[in-house]
Amino acid sequence: MSFNHIVVQNILRDKWTYISYFLSSVFSIIIFFLFTIIAFHPSLNSLDPDSTLGISLLLASMLVYLFSFIYITYSIMAFLKKKTKTLGIFMITGASMKQIRTLIFRENILIGALAIITAIVFGLVITPLLLMGAKVVLKAETFGMYFPLKAMVLTILLFIGLFVVISKIVTRFINKEASIQLLKGDTIVEKSIPKHPYLFGISIICSATLAYLLKINHHFVESLGVLYYLIFFISFLCSIYLIISQGMHFLLKIFEKSPAYVRKTNMLLVSNLNAKMKSHANMLFLITILLSGVFLCTSILFSSYYNVAKDSEANYPYSFQYIADPKADSNMVKDDIDYLEKELSTIDSQKYFIEFKSNEEERLGYMSVSTYNLLKNKSVSLHDDEFIAVAGNRDLEPISNKHKDQILKNLKLASIDEKNLLSTGFQNTYFIVPDQLYESIHFPIYQVYIFELANWTAYMELADKIMEHIPSLPDNRYVTSKIALYDSEMFVKSVMFFIGSMLSLIFLSAAMSILYFYLQTTLIQEREKYTSIRKLGLSQKELFTVVSKELAILIFVPFALAITMLFITLFALRTMISITFLQVSMISSLCFLALFMISYLFIRKSYFKRLLTI
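Being a predicted model, the structure only gives us computed values, none of them experimental. (Residues numbered from 1 in each chain as written. Predicted model: local features only at pLDDT ≥ 70, side-chain atom pairs only at ≥ 80, totals over all residues. Heavy atoms only, no water.)

A word on the overall build of the protein. The helix and strand inventory of the protein stands at 20 helices and eight strands. Within the protein, residue pairs in contact and separated by at least 24 positions form 84% of the contacts whose partners lie at least 6 positions apart. (Helix = DSSP H or I, 4+ residues; strand = E, 2+ residues; numbered from the N terminus. Contact = heavy atoms within 4.5 Å.)

Helices that pack against each other are described as a pair by the angle of their axes relative to one another and the distance between those axes. Direction vectors running N to C along helix α8 (residues 197-216) and helix α10 (residues 226-256) enclose 140°, while the axes themselves pass 9 Å from each other. Compared by their axis directions, α8 and α10 come out oblique. Crossing handedness for the pair α8 and α10: left-handed. Of the residues in α10, those in contact with Pro197, Leu199, Phe200, Ser203, Ile204, Cys206, Ser207, Leu210, Ala211, Leu213 and Leu214 of α8 are Tyr228, Tyr229, Ile231, Phe232, Ser235, Phe236, Cys238, Ser239, Leu242, Ile243 and Gln246. A class-by-class count of the residues in the contact of α8 with α10 yields 17 nonpolar, five polar and no charged. (Axes fitted to C-alpha atoms, helices over the stretch in contact; angles between N-to-C directions. Parallel < 35°, antiparallel > 145°, perpendicular 65-115°, else oblique. Left-handed = near helix turned anticlockwise from the far one by under 90°. Nonpolar A, V, L, I, M, F, W, Y, C, P; charged D, E, K, R; others polar.)

This part takes up the sheet that holds strand β4 (residues 386-391). Here eight strands make up an open sheet; going across it, the order is β5-β4-β6-β3-β2-β7-β1-β8 and the pairing mixed. Looking at the sheet topology across the chains shown, the edges are occupied by β5 (412-417) and β8 (477-480). The sheet shows a mean angle of 25° between the axes of neighbouring strands, taken without regard to direction. When strand β3 (residues 364-368) meets strand β6 (residues 429-433), the two strands line up parallel, connected through five bridges. Looking at the pairing, methionine 367 lines up with isoleucine 432 of β6. Here helix α15 (residues 369-376) sits on the sheet in contact with β2 (349-359), β3, β4, β5, β6 and β7 (445-453), set at roughly 90° to β3. (Pairing = 2+ DSSP bridges.)

Together, Phe220, Leu224, Leu227, Leu230, Ile231, Phe233 and Ile234 line one region of the surface with nonpolar side chains, adding up to about 620 Å² of accessible area. Secondary structure elements with two or more residues in the nonpolar patch: α9 (218-224) and α10. With five residues, α10 is the single largest residue contributor to the nonpolar patch. Topologically, isoleucine 231 is positioned in helix α10. What makes isoleucine 231 partly exposed here is its relative accessible area of 40%. (Patch = residues over 30% accessible without salt bridge, like charges linked within 9 Å, V, L, I, M, F, W, Y side chains within 5 Å. Areas by Shrake-Rupley, 256 points an atom, 1.4 Å probe, with all protein chains shown as cover. Salt bridge = Lys/Arg side-chain N within 4 Å of Asp/Glu carboxyl O. Buried < 20%, exposed > 50% of the residue type's maximum accessible area, 1.4 Å probe, protein only.)

Moving on: the pairing of β7. Burial within β7 is extensive, with seven of its nine residues counted as buried. Examined bridge by bridge, strand β1 (residues 320-324) and β7 share five bridges and lie antiparallel to one another. Paired with glutamine 321 across the bridge in β7 is isoleucine 450. The pairing of β2 with β7 spans nine bridges and is antiparallel. Bridging from a neighbouring strand, glutamine 350 pairs with glutamate 452 of β7.

To continue, consider empty space enclosed by the protein. Under the definition given, this model contains three cavities of 30 Å³ or more. Volume-wise, the largest cavity comes out at about 80 Å³. Together, Lys276, His280, Tyr518, Leu519, Thr522, Glu526, Tyr530, Val547, Glu550, Leu551, Leu554 and Tyr607 line the largest cavity. If you list the elements that add at least two residues to the lining of the largest cavity, you get α18 (482-535) and α19 (540-572). At five residues, α18 tops the list of elements feeding residues into the lining of the largest cavity. A class-by-class count of the residues in the lining of the largest cavity yields seven nonpolar, two polar and three charged. (1 Å grid on protein atoms, 1.4 Å probe; cavity = no way out; pocket = protein on both sides within 12 Å on 5 of 7 lines; lining within 4 Å. Points joined across faces, edges and corners; volume = space filled by probe spheres on them.)

With that settled, the discussion passes to the side chain of aspartate 336. In this structure, aspartate 336 sits in helix α14 (residues 330-343). Only 2.5 Å separates the side chain of aspartate 336 from the side chain of tyrosine 322, close enough to count as a polar contact. Once residues lying within four places of it in the same chain are set aside, the contact partners of aspartate 336 are Tyr322, Ile470 and Arg477. (Polar contact = N/O pair within 3.5 Å; in protein donor to acceptor, adjacent residues only side chain to side chain.)

Here's what the structure looks like:
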């Protein structure tokens, strides 16, 4: 019998152990392969790699691959833990550590190669559906079918390298003594978590201080740059781990002293949790971090996706805005406006003609209150000594302190309007002054033609046509359209939404897979323990109750912690986010809760059934 034959037979005789590892590897590779199919699509060839979208795609690809590396490493380590007894048999029968490592290395390479082939074949089968979905989500008719040769080559090269590196590294962790000890039947007792009240307190104080500095001292944060965020991230992770481990230790001790401890099966549940406190705490920490990433990523991307129309309107308030420069050729302006009116003649639209005067050196606009009322559909009145400051840039407060301004120096500020008056950035601020005063101002006059369409998001093709026919020309005309901005932003946000969905899917499935591997690696030990306890009189119903509660802790405690952290983050950012963000977060949280409930019921049924199988 050759060595390779032993490798194949070892896999076939213990196929159920290998299948879970194989499937988790296939899943990671499929996600990366599908992601690269989108990233290498010919429709994105013209994408600027230095643009936000190009950088996002690159970073997301690296993140998916990095996470695949971590996830497959974890899968291999869990797989090796489950194989410890089998390895002990090989060692007792005379196999050297070199042969054991070679055996594990070849097994991993064989499984990795099969996983890559399976993932690519399955990925190619579902590619048409993926591209159809991408076409709908991205609203890109050009997202047609193509043969993803680049994606295939990149996936094969990267994951072959990944399996070779991981297989070489993890075989160094095979412990001869532990394997033989397990084979002999000795149980390795897990160490309990010691109390660390001072470390816990220091960690919480550090994290809270860093979070507070982030909010109140931007100068300090900017001075440290990336180092600050790295320290904050590490401190945050330490705090979460200590909250889980120390919290678990504290709550179990409290519960042991309560009357409920001796009721029904509570004593058995608490004993079980105490015995596996360290591994349970590690598992809860891992799942909490993964779920936090999923929830935050989902909330941010969903809300930004659904806020595109509102954001576009905040930057460019009107469907079409044509500003004629004072130096512009009047014939050109007439031809442009005639063209616009002709194109929009069959559409339900409203047309406005206004003007404002501009201090071109300081880029300050002056507008009469009657024109302001026309644009805003208001009936504001001003006394002769009053003015209104209106925003010229989005997210920047309008200038209101103009005591040195020759026009405004004798006026007092009546109110501030922080909503953009015209397209963002054209003027720094617009000052609304009484009509009589406006007539006396001697600054160049800008003529503004505004067209507002009903149901404006339905006219993207028309907007593209108009913007292509009359593009902005410096010192002549400045043409903007919230429809065109919405169209381009929608594509960017759709791609980001797609990337975020893929990442969320990976994190979510990884959280469930890690829990599955954890249960699988402890199944034999748990089965032996409960079989012994059942001989002492534990009924099947009581066993079901204990298992249900323990699984509920492993699934819903990380969920509750992640949701709590999400809403604490939202509360801290409440002044910077819209109500839509909160609504989307609540809806997505309820959807995840339903998904977790289904997962819990499925895992509980499957695990309990296998626990009873002898």
